[in-house]
Amino acid sequence: MASHAQTADDSDDDMDGFMERFKKEKYSNAFSEDNWEEEFNKVPMFMKTAPEDIDPLKHPELAAIQSIIHDDDRPLGEQAQSLKDEGNEYFKERNYKKAIVSYTAGLQKKCSDCNVNAVLHTNRAAAHFHLGNMRSALNDAVAAKKFKPDHLKALIRGATCCLELKKYTDALQWCEEGLKLQPTDKKLLELRAAADKHKRVAERDARKAKVQEKKERSEREALLAAIKVSRNVKIKTSVLYSASKALAGLDLDGLCSTEATGARVFLGEQGIIYWPVLFLYPEHQQTDFISAFSESSSFLDHLSHMFGEELPPWDTDRKYSFKNLQVFFEDEERESLHQVNPETTLLKTLQHKRYFVKAGTPSFIILVKGSPFFKTIV
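Residues numbered from 1 in each chain as written. Predicted model: local features only at pLDDT ≥ 70, side-chain atom pairs only at ≥ 80, totals over all residues. Heavy atoms only, no water.

A. Molecular detail of the packing of helix α4 (residues 76-92) against helix α6 (residues 114-131). Between α4 and α6, the least distance of the axes is 10 Å, while the angle of their chain directions is 20°. Taken together, α4 and α6 sit at an angle that is classed as roughly parallel. For the crossing formed where α4 meets α6, the hand is left-handed. On α6, the residues touching A80, Q81, K84, N88 and F91 of α4 are V116, V119, L120, N123, A126, A127 and H130. Taken together, the residues of the contact of α4 with α6 break down into 7 nonpolar, 4 polar and 1 charged. (Axes fitted to C-alpha atoms, helices over the stretch in contact; angles between N-to-C directions. Helix = DSSP H or I, 4+ residues; strand = E, 2+ residues; numbered from the N terminus. Parallel < 35°, antiparallel > 145°, perpendicular 65-115°, else oblique. Left-handed = near helix turned anticlockwise from the far one by under 90°. Contact = heavy atoms within 4.5 Å. Nonpolar A, V, L, I, M, F, W, Y, C, P; charged D, E, K, R; others polar.)

B. Highlighting the side chain of R157. In this structure, R157 sits in helix α8 (residues 152-164). No salt bridge is formed by the buried R157, whose closest oppositely charged neighbour, E164, lies at an N-O distance of 8.5 Å. Not counting chain neighbours up to four residues away, the residues in contact with R157 comprise A125, A126, F129 and A141. (Buried < 20%, exposed > 50% of the residue type's maximum accessible area, 1.4 Å probe, protein only. Lys, Arg positive; Asp, Glu negative; His and termini not counted. Salt bridge = Lys/Arg side-chain N within 4 Å of Asp/Glu carboxyl O.)

C. Layout of the layout of surface pockets. The calculated volume of the second largest pocket comes to roughly 250 Å³. Lining of the second largest pocket is provided by 15 residues; of these, E330, D331, E332, F356 and K358 occupy positions nearest its centre. Looking at the lining of the second largest pocket, the elements with two or more residues in it are β5 (325-331) and β8 (363-368). Partitioned by chemical class, the residues of the lining of the second largest pocket number 7 nonpolar, 1 polar and 7 charged. (1 Å grid on protein atoms, 1.4 Å probe; cavity = no way out; pocket = protein on both sides within 12 Å on 5 of 7 lines; lining within 4 Å. Points joined across faces, edges and corners; volume = space filled by probe spheres on them.)

D. Quick look at the packing of α6 against α8. It is at 10 Å that the axes of α6 and α8 come closest, and there the two elements cross at 25°. With respect to α8, the axis of α6 lies roughly parallel. Remark: the crossing between α6 and α8 carries left-handed chirality. Touching T122, A125, A126 and F129 of α6 are K153, A154, R157, T160, C161 and E164, all from α8. When the residues that make up the contact of α6 with α8 are grouped by side-chain class, the tally is 5 nonpolar, 2 polar and 3 charged.

E. Seen up close, the packing of aromatic side chains. Tallying each qualifying case throughout the model produces 14 aromatic pairs. Taking 5.5 Å as the distance between ring centres and 15° as the angle between the ring planes, the aromatic pair formed by Y355 and F364 counts as stacked. F364 carries the same exposure label as Y355, and that label is buried. Here the aromatic cluster, defined as three or more aromatic residues joined through ring pairs, consists of F279, F293, F299, F329, Y355 and F364. It is R157 that lies over the ring of F129; its NZ or CZ is 4.8 Å from the centre. The residue whose ring lies beneath K234 is F356, and the NZ or CZ to ring-centre distance is 5.9 Å. (Phe/Tyr/Trp six-rings, centres within 6.5 Å; stacked < 30°, edge-to-face > 60°. Lys NZ or Arg CZ within 6 Å of the ring centre and 35° of its normal.)

F. Structural context of the nonpolar core. Among the nonpolar cores identified, the biggest contains 30 residues, and W275, F279, F299 and F364 are the most heavily contacted of them. Elements with a contribution of two residues or more to this core: α10 (186-230), β3 (273-281), β4 (286-294), α12 (299-306), β5, α13 (346-350) and β8. Residues within four places of F364 in sequence aside, it is in contact with V277, L278, F279, L280, F299, V327, F328, F329, L346, T349, L350 and Y355. Of all hydrophobic cores here, the second largest spans 21 residues; its members include A125, M134, A141 and C162. (Core = buried A, V, L, I, M, F, W, Y, C linked by side-chain atoms within 4.5 Å.)

G. Spatial organisation of the pattern of salt bridges. On inspection of all chains with the given rule, the structure shows 14 salt bridges. Its salt-bridge partner being R354, residue E333 comes within 3.7 Å of it at the nearest N-O pair. Here R354 lies in the loop between α13 and β7 (357-358) and E333 lies in the loop between β5 and β6 (336-340), a separation of 21 residues in the sequence. Among the charged side chains, a network of salt bridges with common partners joins K236, E332 and K358.

H. Expanded view of helix α9 (residues 168-181). Relative to the 20 Å expected for 14 residues at 1.5 Å per residue, α9 spans 20 Å between its end C-alpha atoms, a close match to the ideal helical length. Lining the buried residues of α9 we find α7 (134-147), α8 and α10. (Expected span 1.5 Å × (residues − 1).)

I. Examining unusual backbone geometry more closely. Look at Q285: it is not a glycine, yet its phi comes out positive at around 55°. In this structure, Q285 sits in the loop between β3 and β4. Residue class for Q285 comes out exposed when judged on its relative accessible area of 75%. For A359, which is not a glycine, the phi torsion comes out positive at approximately 55°. Here A359 shows up in the loop between β7 and β8.

J. Examining the pairing of β3 more closely. For β3, the buried fraction is high: 7 of the 9 residues fall into the buried class. For strand β2 (residues 266-267) and β3, the ladder comprises 2 bridges, and the chain directions are antiparallel. Each residue of the ladder has a partner; that of F266, found in β3, is Y274. Where β2 folds back onto β3 in an antiparallel hairpin, the turn is made up of 5 residues, including G271, whose phi is positive at roughly 80°. The pairing of β3 with β4 spans 7 bridges and is classified as antiparallel. Considered in β4, the bridge of Y274 is made with S294. As consecutive antiparallel partners, β3 and β4 are separated by 4 residues, and within that stretch Q285 has a phi angle of approximately 55°, a positive value. Pairing of β3 with β8, which is carried by 3 bridges, proceeds in the parallel orientation. (Pairing = 2+ DSSP bridges.)

By themselves, these figures tell us nothing about what the structure is for.
Right, dumping it as structure tokens:
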């Protein structure tokens, strides 16, 4: 007893001595006004964010906590719960990717607690949702519902994901399941109203699109008949497209322009057809694109406007006056050029027995009279 009392007395004496010294001496390891936030952030309880990699030498307390969380000797349910808590901390920090890793690790424990597994899936769904991974989030909501069919958060998450994925019918189904459990849940009522509204709008838009598609198909068929039957204009159809695909609007039987402008042939209100036309100037490696060339207009109508008083900057020799120009089209099969009278209308030229419209855009070569370039291409 004496010995124990002496030890206690020694301890008290030592503490008294320490306190006396503390009054007289300045504590060398105290926090300063400049570094107290930094020092506090080293203490696990006060850390705002955890380090990416925990070094046992720098952060022994964190390493100890981590070893407890990842202790494989504990029951699977406890391990899954710890990993869920870890994921929740990452989630609060908005570090959703790390939260997903923790929740996934918890699910991999395959514990028998359906409630824990449902929460892990629901929380991982929330993390995926915030990262924009809607399908993964929906898959987790489905999995959570399998573990716990009455898990309200899973039902809300499933409805939210379906709404984002524009699966409005499915969203309504998720809402109905949740409202059976909680008929007055504000979030589910809002989601159901939103899904119902979007569903009605989508159905209306689908009906409009169907009517518009039918109208456009009829217009395309009328245009095709006007070109090939009424006017006997020959179209060179690409072998990559069939007639059925053409009428579906993919190629319009060779009438879909491949030009960067996207311009295409169309039938005007007066029954006149307008074509996108390409003029080629091989001598100067230049081109002109006319997006709507009336079939009733002549080449001279356009050339006199394009090469009138003001000539293009690339015509440094000032030769390209409209009166000095010749128009040709290429006969690929015979590898020759056919000259066109500039006063001829576009329609009459397109009806020439050797002319074929390619890629939906009639093209013509423009040369200066007497140009030496003519000899090199004939």
